[in-house]
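Structure at a glance
For reference, the chains in residue letters:
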Amino acid sequence: MKMEDIVKTYISKNGNQVKALNNINYNFKEGKFYAIMGQSGSGKTTLINILGLVDVPTRGKYFFNGLEVQKLSNDKLSEIRNNEIGFVFQHFYLNNRLTALENVLLPTLINKKHTKEEIIENAKKLFNNLGLESRMNHYPNELSGGEQQRVSLIRALINEPSVILADEPTGNLDYNNELEILKLLKEVSKKKCVIVVSHNPNIKKYADIVLNLDKGVLNEN
Amino acid sequence: MKTKELFLLGFKSLKFLSLRKKIFLVIQIVIMLLILIPFGFYSVFSNAAETIINNQYEFREISLYGTSNDYEKYKSVLNEYENNHIVYIDELATPNIRAYTSVDSRNNFILKRKIEGFVPEVTNGNELNNKYDIICPEMATDVNFEELNYNDLINLEEKIGKTINLNFLNSDDELVFSQEFNIVGTYNADFYYSYDTCYILNNTFDEILSKINSDLKEDSDTVKDLFILYVDNNENVEEITNYLENNDIMVSVPKLDDKIVNYILLLSIFIMIILVITSIIILINYFKNYYKEEYYNIALYKALGFKEKDIIKIIFIENILLIFVALIVSIVLFIFLKIIVTLYLHQFVAFRIVEIRLSIIPLFIYYLVIILLNYVFLKIDINEISSMSIKRIGEL
Ligand SMILES: Nc1ncnc2c1ncn2[C@@H]1O[C@H](COP(=O)(O)OP(=O)(O)O)[C@@H](O)[C@H]1O
Ligand SMILES: [Mg+2]
């Protein structure tokens, strides 16, 4: 994932321009664990949203697997999000009407990579690996924060994406759960590109590459 | 997305209805019931209309008529007659029911019975003040009530203020004497269904009665409806009337004005249109708030890579299922209501209620209209869906 001169400006409510990202040039590579550190308001969420094709930059070029994102249709972007990108959010974002397993299967409903049997087998394996096999048929509100975040991690992995994007994935978790999630992400990063945004210094121990975001400017540490 | 999965997602969302959706559901059930009920009643009359067209007995109602003297005889015949098709027997008459004085075109006046304390509202002229004042129907008849034809009516309204020479007959129809009366007013005979009843003062009545030396026993020689039988099915009417006629009972099967059928149909359609319009307004409101309420889930679907058309399908199916629930519930409620009404009220209004039928077609039309609207709104609001994004969940 290559970013060239990426700028994102917001117009705030009182009419002022806020430069959330300022000339970002960076090439994210596969098989690495990236940690993006920065204070609140430094533009971390904006960056990860653009990386995840949820948001578009004001200026600059962004290439995803060699495709220039600005030139793609909405449907193509959805397809890439579904196939290539797994999201983990600070607030988990699970569908409260669906059980843990159903939440995990949600992204597979529109994905043709595998048969239904393969998908369910795969999901069960992931639930086992993350120690959630007994929680598969529980609803999100019956799960603890740590469990919910692990479910959303399984959901991010289920379509075997090449990139995992996590925006403060441990922001709402206690210390033990935080370590658990970071270890899992570390494990995942052996085969995929994992980009984790955080202002928590603990992450440095796990990351291959630590990047600093300060007032919209990205620097390698 | 596969249809099966779409429906599974839809069913899932039915299990977790928000208060707003529950209220919407209840409103839809009420609207559907309000559509079902008038059409249910219409079906009663349309059935009657059908039989009129086929020249059959149109209403499952048989009148037994005769004079008061026939009352006991009819009653005993009915008591002996066991026929399961007779749903209810209405006893209309007691032996002492009212009778009337009556005039015919030849001014033959027959004293039928003294009617005390009752004079219809007079449309013209004065009250009865003088001994030989009389109040007549605007339009009088001397023909049998059953064969009433407006052309045969005598216009007495024109004769207000004039005199009329009445011939008084005894019960054997022999002229006893004549007397001149002043027509001081007329009344609306249409309203009272009394095209042959005139009113005179009580004293005058008594005096004339003594002059003609008639032995008036109540209204024993007045023909009137004594019983009405309500029959469950048209096909059984003939069998019953035949039996009664063989027992010397006079019967008639009343005719239904087929205009009424059309009025009820028009009324039902009118009600349905009003309800559909009301429902459209409610639907617009529902969809406006729908996106706010579902923002979280829609934004999530998008982040997970669902295309807009997938999301539209999900919402579409979800709402179709919700309204389908309303459809089923309203039909069940209607059937329930019908059973209750039939069981507990059929003693009073049996002949109508027994026939209430479930008219699915108007409801089905309504369901299709809602589905169409659902689809149209989704198409209109596609921009709304495109603008939804996970990044804005926090802002809301
Ligand atoms: N929709 C928006 N409209 C206006 N300003 C925004 C919007 N989203 C973010 N910002 C501003 O952009 C800057 C970066 O925000 P964000 O990417 O959320 O930072 P972080 O995730 O590091 O806290 C902040 O100053 C924030 O106020
Ligand atoms: Mg943030």
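Residues numbered from 1 in each chain as written. Chains lettered and ligands numbered in written order. Predicted model: local features only at pLDDT ≥ 70, side-chain atom pairs only at ≥ 80, totals over all residues. Heavy atoms only, no water.

What about the overall build of chain A?
Helix and strand content of chain A: 6 helices and 10 strands. Of all 221 residues assigned to chain A, the portion counted as buried reaches 56%. The long-range share in chain A, meaning contacts at least 24 apart out of those at least 6 apart in sequence, stands at 71%. When the accessible surface of chain A is totalled, it reaches about 10,200 Å², and 45% of it is carbon and sulfur. (Helix = DSSP H or I, 4+ residues; strand = E, 2+ residues; numbered from the N terminus. Buried < 20%, exposed > 50% of the residue type's maximum accessible area, 1.4 Å probe, protein only. Contact = heavy atoms within 4.5 Å. Areas by Shrake-Rupley, 256 points an atom, 1.4 Å probe, with all protein chains shown as cover.)

Points about the interface of chain A and chain B
Opposite the 26 residues of chain A that make contact, chain B presents 28 residues. For the chain A and chain B pair, buried surface summed over both sides reaches about 2,400 Å², with 57% attributable to carbon and sulfur atoms. Looking at the side of chain A facing chain B, the largest losses of area belong to Y93, R97 and L109 of chain A, adding up to 30% of the total buried there. Taken together, chain A and chain B are joined by 5 salt bridges. Residue R97 of chain A pairs with E318 of chain B through a salt bridge whose shortest N-O separation is 3.9 Å. (Buried area = accessible area lost by both parts, 1.4 Å probe. Salt bridge = Lys/Arg side-chain N within 4 Å of Asp/Glu carboxyl O.)

Side note on the site of ligand 1
What surrounds ligand 1 is a group of 12 residues, the closest being G41, G43, K44, T45 and T46 of chain A. Chains contributing residues to the immediate surroundings of ligand 1 are chains A and B. A distance of 2.9 Å separates an oxygen atom of ligand 1 from a polar backbone atom of K44 of chain A. Contact distances for ligand 1 include 2.5 Å between an oxygen atom and a side-chain N or O atom of T46 of chain A. Expressed as a share of its isolated accessible area of 560 Å², the protein-covered part of ligand 1 is 66%. When residues of the shell around ligand 1 are traced back to their parent elements, those giving at least two are strand 2 (17-27) and helix 1 (44-51) of chain A. If you tally residues by element for the shell around ligand 1, the top one is helix 1 of chain A, at 3 residues. Each residue belonging to the shell around ligand 1 can be placed in one class, and the counts come to 3 nonpolar, 7 polar and 2 charged. (Near = heavy atom within 4 Å. Polar contact = N/O pair within 3.5 Å; in protein donor to acceptor, adjacent residues only side chain to side chain. Nonpolar A, V, L, I, M, F, W, Y, C, P; charged D, E, K, R; others polar.)

As for the nonpolar core
Within the largest apolar cluster, 92 residues are counted, with the highest numbers of intra-cluster contacts made by F28, Y62 and I195 of chain A. No other element matches the 14 residues that helix 9 (residues 308-353) of chain B contributes to this core. Among the nonpolar cores identified, the runner-up in size contains 39 residues, and M37, V88, I181 and Y206 of chain A belong to it. (Core = buried A, V, L, I, M, F, W, Y, C linked by side-chain atoms within 4.5 Å.)

Side note on the pairing of strand 8 (residues 193-198) of chain A
Here is the key point about a regular strand: its side chains alternate between the two faces of the sheet. All names here are of chain A. With 6 of 6 residues buried, strand 8 lies mostly within the body of the structure. Here strand 8 shows no split at all, with C193, I195 and V197 on one side and V194, V196 and S198 on the other all buried. Where strand 3 (residues 33-37) lies against strand 8, 5 bridges are found, and the strand directions are parallel. Bridge pairing in strand 8 places F33 opposite V194. Relative to strand 8, strand 7 (residues 163-167) runs parallel, the two being bridged by 5 bridges. Along strand 8, the bridge assignment pairs D167 with V197. (Pairing = 2+ DSSP bridges.)

Looking at the pattern of salt bridges
Enumeration over the complete set of coordinates arrives at 17 salt bridges over all chains. A salt bridge links E68 of chain A to K71 of chain A, with the nearest nitrogen and oxygen atoms 3.3 Å apart. For K71 of chain A, a relative accessible area of 66% gives the class exposed. Close ionic contact of E318 of chain B with K21 of chain B constitutes a salt bridge, the shortest N to O distance being 3.4 Å. Linking E318 of chain B in helix 9 with K21 of chain B in helix 2 (residues 19-53), this pair joins segments that are 297 residues apart in sequence. Among the residues examined, K21 of chain B registers a relative accessible area of 3% and is labelled buried. Through salt bridges with shared partners, a single ionic network connects R97 of chain A together with K21, E294 and E318 of chain B.

Points about the environment of L17 of chain B
All names here are of chain B. Within the element layout of this structure, L17 appears in the loop between helix 1 (3-15) and helix 2. Spatially, the C-alpha atoms of L17 and L322 are 9.4 Å apart, while their sequence positions differ by 305 residues. Contact partners of L17, with chain neighbours within four places excluded, come to K22, L25 and L322.

Digging into the pairing of strand 11 (residues 224-231) of chain B
Residues and elements named next belong to chain B. Of all the 8 residues making up strand 11, 7 are buried; the element is thus mostly covered by neighbouring parts of the structure. As paired elements, strand 1 (residues 61-66) and strand 11 share 6 bridges and run antiparallel to each other. Of the residues in strand 11, the one forming a bridge with Y65 is D225. Alignment of strand 2 (residues 86-91) against strand 11, held across 5 bridges, turns out to be antiparallel. Counted as the bridge partner of I89 is L229 from strand 11.

A few points about the confidence of the model for chain A
For chain A, per-residue confidence averages 92 on the pLDDT scale, and residues scoring 70 or more make up 100% of the total. Mean pLDDT values over the elements of chain A span from 89, in helix 6 (residues 175-188) of chain A, up to 95, in helix 3 (residues 100-105) of chain A. (pLDDT = per-residue confidence, 0-100.)

Details of the state of the cysteines
In protein chemistry, a disulfide is the covalent bond that joins the sulfur atoms of two cysteines. A full pass over the atoms with the stated rule returns 0 disulfides over all chains. With no disulfide of its own, C198 of chain B has C136 of chain B as its nearest cysteine by sulfur position, at a separation of 3.6 Å. (Disulfide = S-S within 2.5 Å.)

Examining the packing of aromatic side chains
A complete count under the given rule lists 22 aromatic pairs over all chains for this structure. Summarising the aromatic geometry, the rings of Y93 of chain A and Y296 of chain B are spaced 5.6 Å apart at their centres and angled 85° between planes, so their arrangement reads as edge-to-face. Here Y296 of chain B lies in helix 8 (residues 295-303) and Y93 of chain A lies in the loop between strand 6 (85-88) and helix 3, a pairing that spans two chains. Residue class for Y296 of chain B comes out partly exposed when judged on its relative accessible area of 27%. Through successive ring pairs, a cluster of aromatic residues spans F24, Y286, F287, Y290, Y291 and F377 of chain B. In this arrangement the basic side chain of K211 of chain B is found over the ring face of F177 of chain B, its NZ or CZ atom lying 4.8 Å from the centre. (Phe/Tyr/Trp six-rings, centres within 6.5 Å; stacked < 30°, edge-to-face > 60°. Lys NZ or Arg CZ within 6 Å of the ring centre and 35° of its normal.)

Here's the deal with helix 6 of chain A
Look at helix 6 of chain A: 20 Å from first C-alpha to last across 14 residues, which is about the 20 Å you get at 1.5 Å a residue. Residues of helix 6 of chain A that are buried include every one of N177, E178, L179, I181, L182, L184, L185 and V188 of chain A, and no others. (Expected span 1.5 Å × (residues − 1).)

Considering a nonpolar patch on the surface
All names here are of chain B. Where nonpolar side chains cluster on the molecular surface, the patch consists of I335, I339, L358, I360, F364 and L368 and spans about 510 Å² of accessible area. When residues of the nonpolar patch are traced back to their parent elements, those giving at least two are helix 9 and helix 10 (360-380). For the nonpolar patch, the leading source of residues is helix 10, giving 3 residues. As for its placement among the helices and strands, I339 is situated in helix 9. (Patch = residues over 30% accessible without salt bridge, like charges linked within 9 Å, V, L, I, M, F, W, Y side chains within 5 Å.)

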